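Secondary and tertiary structure notes
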Amino acid sequence: MNIIFIEPSFPGNQREFVRALHAIGANVYGVGERPHDWLDPETRAALTHYQQIRSVTDEGALEWAVRDAQSRVWIDRLECTIEAHQMAAAHVRERCNIPGTSSRTTYLCRDKVAMKEVLREAGIPVAASGAVASLAEAQEFAARVGYPLIIKPRDSAGAAGTYRVNNDAELERVAHQSGVADGASAIIEEFIEGHEGIYDTLTVKGRVTHEFIGHYYPGVLEAMRHRWISPQLISTNEVESDRYKEVREMGRRVNAALGIETSPTHMEWFFGPKGLKFSEIGCRPPGVGQWDSYCHGNEFDLYREWALAVCHYTTDTRPSRRYASGIIALRPDKDGQIIGYDGTDRIFEKYGNLVVGQHFPEPGTATQQVEAGYMANAWMRLRHESFDALRDIMNEIGETIKTRAR
């Protein structure tokens, strides 16, 4: 099999997809923005060929690279795993007659307005929502639905560019900040009260072959707005229990309604006073290295399963469901430069055997903004056979370890 893989070196876990493809015998043709010499030795060794282009989101440049590869060998698949690369890849895939996720499905998984219209028609419970491109349209929606509301870009990922508004004054301010007042199109929707979680799959020919469920503590919007919070994302090892039946069923219905064939998916949901509600979905793996949590929690190589799926439309290993696993972000107390950490010795002495991943930037490293995400500064990844015990341990870590900056 000859597979084109877009941007094999950044972010860091991209190399795992290349590794897995190479390990099952695929010839991997990388297309990326960095010089070949900048790739790590293992990734360079796993690539059959590498083509540097100006931007992987430039459809003309990407199509040139793909057609150049096609002039050398038959290309079986064109794959990418980063949200921002999805639409360019879908368009080039179709123009070059390469199987894979369609531009329609990609569009529906990128555009929040169209996505929710399709799912609403399919009978899937979603928040009241619509597109707005002016302050007047936003005010009309607010008058009809009521506060609080959420405003965010139509193609946002995570909490990027997302605002909560609670009254008319905040709505007007956010409309100007977001560009809506100047004609930028955005999605506006009712704020759904409740707990926020994820449902992720590896789907093959429209059938869910692997599925995972996780929980945010607290929700993403709150976590991305407050420095003092050490946010957590923990995946459960009780995915197949009856308590998650409704989530599993909704996730499968979402995948089917959006026409997802062979692809990873990352879906977010809310559960609260109004019951279970769909939030959004990406036709890609989740961020924050969450697949690494799934690998550690289930004692298998999910990247290899993905490689088998895209190359041979199959998977061959069942997840063990032995451990709950998750990540906790340990943010600096201020912006500046990291000067050290408090409490790490105590935590590693007590729970070091549970740690399966960690990152503590060296003193002198510049801090990253809170909005940059869970892995932007210090973080730890752990697993435990009990979800509740892991949650308690994560809380203790958040209360104990302090990242100091000046």
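Below is a summary of the structure that appears in this document. (Residues numbered from 1 in each chain as written. Predicted model: local features only at pLDDT ≥ 70, side-chain atom pairs only at ≥ 80, totals over all residues. Heavy atoms only, no water.)

Quick word on helix α1 (residues 14-23)
Rule in force here: Burial status follows relative accessibility: with a 1.4 Å probe on protein chains alone, a residue under 20% of its type maximum counts as buried, one over 50% as exposed, and anything between as partly exposed. Helix numbers and strand numbers start at the N terminus; a helix is a DSSP run of H or I with at least 4 residues, a strand a run of E with at least 2. Of all possible arcs, the one meant is that of the directions from the helix axis to the C-beta atoms. Contact criterion: two residues are considered in contact whenever any of their non-hydrogen atoms come within 4.5 Å of each other.
Burial in α1 covers these residues: Gln14, Phe17, Val18, Ala20 and Leu21. Angularly, the buried residues of α1 cover 165 degrees about the axis, an arc narrow enough to put them on a single face. Taken together, the buried residues of α1 touch β1 (2-6), β2 (27-32), α2 (41-46), β3 (47-52), α11 (290-298) and α12 (302-312).

A few points about the packing of helix α5 (residues 103-110) against helix α6 (residues 112-121)
The cut-off we apply is this: Comment: axis = line fitted to C-alpha atoms, over the contacting stretch for helices; angle = value between 0 and 180 degrees taken between N-to-C directions. Angles are sorted into four bins: roughly parallel if under 35 degrees, roughly antiparallel if over 145, roughly perpendicular if 65 to 115, and oblique for all others. Under this grouping Gly is polar, as are all residues other than the nonpolar Ala, Val, Leu, Ile, Met, Phe, Trp, Tyr, Cys and Pro and the charged Asp, Glu, Lys and Arg.
Two elements in contact, α5 and α6, have axes separated by 5 Å at closest approach and are oriented at 100 degrees. Judged by the inter-axis angle, α5 sits roughly perpendicular to α6. Two secondary-structure elements touch here, α5 through Tyr107, Leu108, Cys109 and Arg110 and α6 through Lys112, Ala114, Met115 and Val118. The class makeup of the residues in the contact of α5 with α6 is 6 nonpolar, no polar and 2 charged.

With respect to unusual backbone geometry
Following Phe10, the chain continues to Pro11 via a peptide bond in cis, the omega torsion being -5 degrees. Mapped onto the fold, Pro11 is located in the loop between β1 and α1. In this structure, Pro148 follows Tyr147 across a cis peptide bond, with omega equal to -5 degrees. Here Pro148 is to be found in the loop between α7 (135-145) and β6 (149-153). With a phi angle near 55 degrees, Glu7 is a residue other than glycine that sits in the positive phi range. Positionally, Glu7 belongs in the loop between β1 and α1.

Considering the environment of Glu396
On the secondary structure map, Glu396 appears in helix α14 (residues 387-400). Under the relative-accessibility criterion, Glu396 is labelled buried at 18%. When the C-alpha positions of Glu396 and Gly272 are compared, they lie 26 Å apart, and in sequence the two are 124 residues distant.

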